[in-house]
Amino acid sequence: MKGVAAGLIHSGSQNNLHQCVQHHLFLLCPNNSGSSFLQKILATSQQTWNLPGEGQHALGFAGPVPRADGNGYIWASSPDWVSKYRNAQNHDWERARNIWYFQSRSRNPKAKVFTSKSPPFLLVAEQLRTSFLDARFLIMQRNPYATAVGIRRCRRVLGDIDNEAILRLAAQHLIVCFDAQRRNIEDFQLLAACFSYEEMCDEPESVEKKIQKLVPALNDIQLRQKIAVKNIYSERLRNMNAEQIAQLSSQDIAILNEEFGPSEALFQFFGYHLL
């Protein structure tokens with residue numbers, strides 16, 4: 001127990017997760033919306049098995065991968081790719097479970113909860129529900145303007161320098177993601193804890209209670225921790241929306257509003273309004 005408490009990491013390759021895992025917890029969240037921080041927090045629990053990265057990027061993942069198709073961070077802006085991802089015939093979830101178990105890690109070899117996050121999973125929640133034992137969901141989203149800034153930063157890293165095109169694709173991507181999230185909330189409300197990035201930052205204890213109500217085994221989850229995320233920052237949980245949105249010029253906002261406008265009611269469903 002002393003070694004586990006000190007953070008000793010156990011490998012799924014050396015433990016039979018098919019016997020010990022009783023619950024599967026999937027984080028459904030658009031990319032650039034705080035899911036990496038939350039996944040890191042889940043990995044601090046003594047009751048979780050976790051992958052070193054996103055489920056879609058695990059070695060041997062049996063399904064479409066956005067970056068491989070050139071759609072990194074804006075995959076939902078392509079109707080053809082969304083249709084491809086939602087096609088159950090393009091996934092082998094049994095194989096995915098096996099490779100995830102093998103590559104996962106835990107602080108406790110007897111942990112009972114397997115967790116995974118991969119933004120495109122928000123498109124296939126029903127497939128996850130029917131393919132994994134006691135599948136539960138954490139459904140989260142973030143202010144779309146702040147998210148668009150994060151997407152623009154990541155697309156630029158990939159070499160995309162057309163600002164207007166990036167913002168339009170980001171907006172189109174987010175509209176599809178938010179629509180999918182609304183459907184997920186309606187379809188899986190009894191199997192999910194639903195909250196926003198803003199609530200996680202501003203009312204972390206409330207979100208902890210929602211997670212623990214959904215999966216009682218996660219009674220050691222603490223959101224107020226200093227966590228290193230994506231080699232970009234390492235600090236305690238705080239709402240970064242204001243500094244993200246401040247990076248948008250008036251012209252940037254006008255471009256986003258032109259795309260977001262027809263879907264204003266969709267964003268209002270989540271409590272967000274056009275700038």
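Residues numbered from 1 in each chain as written. Predicted model: local features only at pLDDT ≥ 70, side-chain atom pairs only at ≥ 80, totals over all residues. Heavy atoms only, no water.

## Regarding the pattern of salt bridges
As enumerated under the stated definition, the model contains 13 salt bridges in all. Taken together, the salt bridges that share partners define one network made up of Glu164, Arg168, Glu258 and Glu259. (Salt bridge = Lys/Arg side-chain N within 4 Å of Asp/Glu carboxyl O.)

## Quick notes on the environment of Leu248
Positionally, Leu248 belongs in the loop between α11 (241-245) and α12 (250-260). Spatially, the C-alpha atom of Leu248 lies 41 Å from that of Thr130, the residues being 118 residues apart in sequence. For Leu248, the contacting residues outside a window of four places in its chain are Tyr145, Val149, Arg152, Ile253 and Leu256. (Helix = DSSP H or I, 4+ residues; strand = E, 2+ residues; numbered from the N terminus. Contact = heavy atoms within 4.5 Å.)

## Focus: the side chain of Gln39
Mapped onto the elements of the fold, Gln39 is located in helix α3 (residues 35-42). Classification of Gln39 by relative accessible area gives buried; the value is 10%. (Buried < 20%, exposed > 50% of the residue type's maximum accessible area, 1.4 Å probe, protein only.)

## Focus on helix α10 (residues 204-214)
When α10 is considered as a whole, its buried residues turn out to be Pro204, Val207, Glu208, Ile211 and Leu214. For α10, the angular spread of the buried residues around the axis is 130°, confining them to a single face. Exposed and oriented more than 90 degrees from the buried face of α10 are Lys209 and Lys213. For α10, the secondary structure elements touched by its buried residues are β2 (23-28), α3, β6 (135-141), β7 (192-196) and α9 (197-202). (Arc of directions from axis to C-beta.)

## Section: the pairing of β7
Where burial is concerned, most of β7 is hidden: 4 out of the 5 residues are buried. Judged from the 5 bridges that link them, β6 and β7 form a sheet pairing that is parallel. Paired with Gln141 across the bridge in β7 is Ser196. (Pairing = 2+ DSSP bridges.)

## Quick look at unusual backbone geometry
Positive phi outside glycine occurs at Tyr73, with the angle close to 75°. With a phi angle near 45°, Asp134 is a residue other than glycine that sits in the positive phi range. Among the secondary structure elements, Asp134 is positioned in the loop between α6 (125-131) and β6. Exposure remark for Asp134: the relative accessible area of 26% places this residue in the partly exposed category.

## Comments concerning the confidence of the model for the chain
Confidence along the chain averages 93 in pLDDT terms, with 95% of residues attaining 70 or more. Per-residue pLDDT stays below 50 along residues 1-6; that stretch engages in 6 contacts with residues further than four places along the chain or on separate chains. (pLDDT = per-residue confidence, 0-100.)

## Thoughts on helix α5 (residues 93-103)
Buried within α5 are the following residues: Trp93, Ala96, Arg97, Ile99, Trp100 and Tyr101. Where α5 is buried, its residues meet α2 (17-20), β2, β5 (113-117) and α6.

## Here's the deal with the nonpolar core
Of all hydrophobic cores here, the largest spans 60 residues; its most connected members are Trp100 and Phe137. Ranked by residue count, the leading element in this core is helix α8 (residues 163-188), at 10 residues. Trp100 has contacts with Phe26, Leu51, Gly55, Ala58, Phe61, Trp93, Phe114, Phe121 and Phe132, leaving out every residue within four places of it along the chain. Listed in part, the 25 residues of the second largest apolar core include Cys29, Phe195, Ile211 and Leu223. (Core = buried A, V, L, I, M, F, W, Y, C linked by side-chain atoms within 4.5 Å.)

## Considerations on the pairing of β6
Burial of β6 is extensive: 7 of the 7 residues sit out of reach of the surface. Where burial is concerned, the two faces of β6 agree: the one with Ala135, Phe137, Ile139 and Gln141 and the one with Arg136, Leu138 and Met140 are both buried.

## Quick look at the side chain of Ser104
Take Ser104: it is sitting in the loop between α5 and β4 (105-106). What Ser104 contacts, discounting residues up to four positions off in sequence, is His10, Ser11, Gly12, Leu17, Trp49, Asn50, Leu51 and Phe114.

## Comments concerning the environment of Ser263
Tracing the backbone through its elements, the reader meets Ser263 in the loop between α12 and α13 (264-269). Judged by its relative accessible area of 16%, Ser263 falls in the buried class. Sequence separation between Ser263 and Phe178 is 85 residues, and the spatial gap between their C-alpha atoms is 9.8 Å.

## Quick word on the packing of helix α7 (residues 144-157) against α8
Packed helices, taken two at a time, are described by their axes: the angle between them and the distance between them. In contact at an axis separation of 9 Å, α7 and α8 are set at 125° when each is read in the N-to-C sense. The angle between the axes of α7 and α8 places the two elements in the oblique class. Once α7 is placed against α8, the crossing between them reads as right-handed. Across the interface between the two elements, Pro144, Thr147, Ala148, Ile151, Arg152, Arg155 and Arg156 from α7 touch Asn163, Ile166, Leu167, Ala170, His173, Leu174 and Phe178 from α8. Residue composition of the contact of α7 with α8, by class: 8 nonpolar, 3 polar and 3 charged. (Axes fitted to C-alpha atoms, helices over the stretch in contact; angles between N-to-C directions. Parallel < 35°, antiparallel > 145°, perpendicular 65-115°, else oblique. Left-handed = near helix turned anticlockwise from the far one by under 90°. Nonpolar A, V, L, I, M, F, W, Y, C, P; charged D, E, K, R; others polar.)

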